[in-house]
Amino acid sequence: MPLTPEEREALRRLYSGDPGTDIRDPHFAAIADLIVREGGFRPPPYAGHPTLLDAPARVTGDDGAPVLSDLHVALFGVPMDLGVTNRNGARFGPRAVRAVERVGPYNEALRCAPVQELRVADIGDVPMASRFDLATCHHDIETFAHTVVKAGVLPLAVGGDHSVSLPLLRAVGAERPVGMVHIDAHCDTGGIYEGEKFHHGGPFRHAVLEGVLDPTRTIQIGIRGSAEFLWEFSTASGMTVIPARALDETTWDDVNARIRAVVGDGPVYVSFDIDSIDPAFAPGTGTPEVGGLTPREALLVLRSLKGLQIVGGDMVEVAPAYDATSNTAHVGAQMLFEILSLMRFSPALGLPDAAAGEG
């Protein structure tokens, strides 16, 4: 039945104000108060200085160190790809992700606006003393991440190749080994490759051997490809591996239950490699593998982590030169936004309503 004149008039009385001021749902009204300025104004997403997820920018102090006072989460870029074994170009990933203008600010599934609800800032890129030496770059990344962690701030990085996860884990797991949810096409637990052991195909082997990553609390999801014979360290050390081919034989509820059973209630690091996504959706990466996750499936996995004690994370391997559409950077930015949204509910931050993350 069509609306009666009386019903239409009632709607006019309720919904005739400025956008953002005529919202009746209490939750949506609270979100609008965070996002929409007086008069219904929102800054255009394509204007201004680009930052990761449109977070406020923080400049470095006089000593060159990042200004971290009062932050919950520090977003930063790690523009380094000296550890790649195939196509380079992930050094341009942070810049490409900053240029994405259409992610957030509201997360409709996790029901939060993380940039507005957390004290979060883009603190720039890790300053590295050499563009040629991998070991020097890893040292600089670890030093930078230690500064963030020691300030009581959760680090959330954008790579760069996946070798950057090792120095990040060295900082996050310095006081105790952490668990990990790792979403990737590759296990990245390989050994020495043509004389180099700290390449992007082996960071998690070394994180375990150095005592900063707990393999029994680590789960790797979406694994596939012809290099599987190189990754027996994962199962030998006690990691849980869910190959991409197994996802067709189970339910997402079962996958989510298995994640929680593995990582438990302890501190967890989230590492998301964009090559976990099928190259049909995200071709701009150095080691694409056909048969991967769809973006929607990746969202299902990440959103199931709500309420875990997430203490840090990264999104890596966006190489924009191999994607004429910029879809890869867009998908990567969305996954970064999801991890930040999960941090909103992490008990690690001790926010009063973090328990709302359960369920």
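This text gives an overview of the structure that appears in the document. Since the model is a prediction, treat every value here as computed from it, not as a measurement. (Residues numbered from 1 in each chain as written. Predicted model: local features only at pLDDT ≥ 70, side-chain atom pairs only at ≥ 80, totals over all residues. Heavy atoms only, no water.)

**Notes on the sheet that holds strand β7 (residues 268-273)**
Thinking step 1. Read across the open sheet, the eight strands follow the order β2-β1-β3-β8-β7-β4-β5-β6; overall the sheet is parallel. Since the sheet does not close on itself, it has two edges, and those belong to β2 (120-125) and β6 (240-243), each with one partner. Between one strand axis and the next, the sheet turns by 15° as a mean value, whatever way the strands run.
Thinking step 2. Inspection of the sheet shows strand β3 (residues 154-159) paired to strand β8 (residues 310-316) by three bridges, in the parallel sense. Residue pairing for β8: A157 is matched across the bridge by D314.
Thinking step 3. Contacts from helix α5 (residues 134-150) reach β1 (73-78), β2 and β3, with the element oriented near 170° to β1.
Thinking step 4. Across the sheet, helix α6 (residues 165-172) touches β1, β3, β4 (178-183), β7 and β8, and the angle it forms with β7 is around 170°. (Pairing = 2+ DSSP bridges. Helix = DSSP H or I, 4+ residues; strand = E, 2+ residues; numbered from the N terminus. Axes fitted to C-alpha atoms, helices over the stretch in contact; angles between N-to-C directions. Contact = heavy atoms within 4.5 Å.)

**Observations concerning the packing of helix α9 (residues 252-263) against helix α10 (residues 295-303)**
Thinking step 1. Between α9 and α10, the least distance of the axes is 9 Å, while the angle of their chain directions is 40°. Judged on the interaxial angle alone, α10 and α9 are oblique. For the pair α9 and α10, the crossing hand works out as right-handed. Between α9, through W252, N256 and I259, and α10, the contact on the second element is made entirely by E297, L300 and V301.
Thinking step 2. Looking at side-chain class alone, the contact of α9 with α10 contains four nonpolar, one polar and one charged residues. (Parallel < 35°, antiparallel > 145°, perpendicular 65-115°, else oblique. Left-handed = near helix turned anticlockwise from the far one by under 90°. Nonpolar A, V, L, I, M, F, W, Y, C, P; charged D, E, K, R; others polar.)

**A short note on the packing of aromatic side chains**
Centre-to-centre distance and the angle between the planes together describe a pair of aromatic rings.
Thinking step 1. Taken as a whole and assessed by the stated rule, the structure comprises two aromatic pairs.
Thinking step 2. Measuring from ring centre to ring centre gives 6.2 Å for F28 and Y106, while their planes differ by 85°; the resulting arrangement is edge-to-face. Within this pair, whereas F28 is found in helix α2 (residues 26-35), its partner Y106 is found in the loop between α3 (93-98) and α4 (114-117), the two being separated by 78 residues in sequence.
Thinking step 3. What makes Y106 partly exposed here is its relative accessible area of 23%.
Thinking step 4. The positively charged end of R87 is found above the aromatic ring belonging to Y322, 4.0 Å away from the centroid. (Phe/Tyr/Trp six-rings, centres within 6.5 Å; stacked < 30°, edge-to-face > 60°. Buried < 20%, exposed > 50% of the residue type's maximum accessible area, 1.4 Å probe, protein only. Lys NZ or Arg CZ within 6 Å of the ring centre and 35° of its normal.)

**Considering the pairing of strand β5 (residues 213-223)**
Thinking step 1. Most of β5 is tucked away, with 10 of its 11 residues classed as buried.
Thinking step 2. Chirality of the crossover, the property in question, places the unit of β4, helix α7 (residues 203-209) and β5 among those that are right-handed.
Thinking step 3. Strand direction decides the pairing type here: β5 and β6, joined by four bridges, are parallel. Each residue of the ladder has a partner; that of I223, found in β6, is P243. (Right-handed = clockwise from strand over helix to strand, strands pointing away.)

**Some points on the pattern of salt bridges**
Thinking step 1. Applying the stated rule across the entire model yields 10 salt bridges.
Thinking step 2. Ionic pairing is found between E9 and R12, a salt bridge with its closest N-O pair at 3.3 Å. Of this pair, E9 and R12 both sit in helix α1 (residues 5-14), three residues apart, which is roughly one turn of the helix.
Thinking step 3. The residue R98 makes a salt bridge to D125 at a minimum N-O spacing of 3.0 Å. Highlighted residues: R98 in helix α3 and D125 in strand β2, separated in sequence by 27 residues.
Thinking step 4. Taken together, the shared-partner salt bridges connect R98, D122 and D125 into one network. (Salt bridge = Lys/Arg side-chain N within 4 Å of Asp/Glu carboxyl O.)

Worth remembering: the numbers are spatial, not functional.
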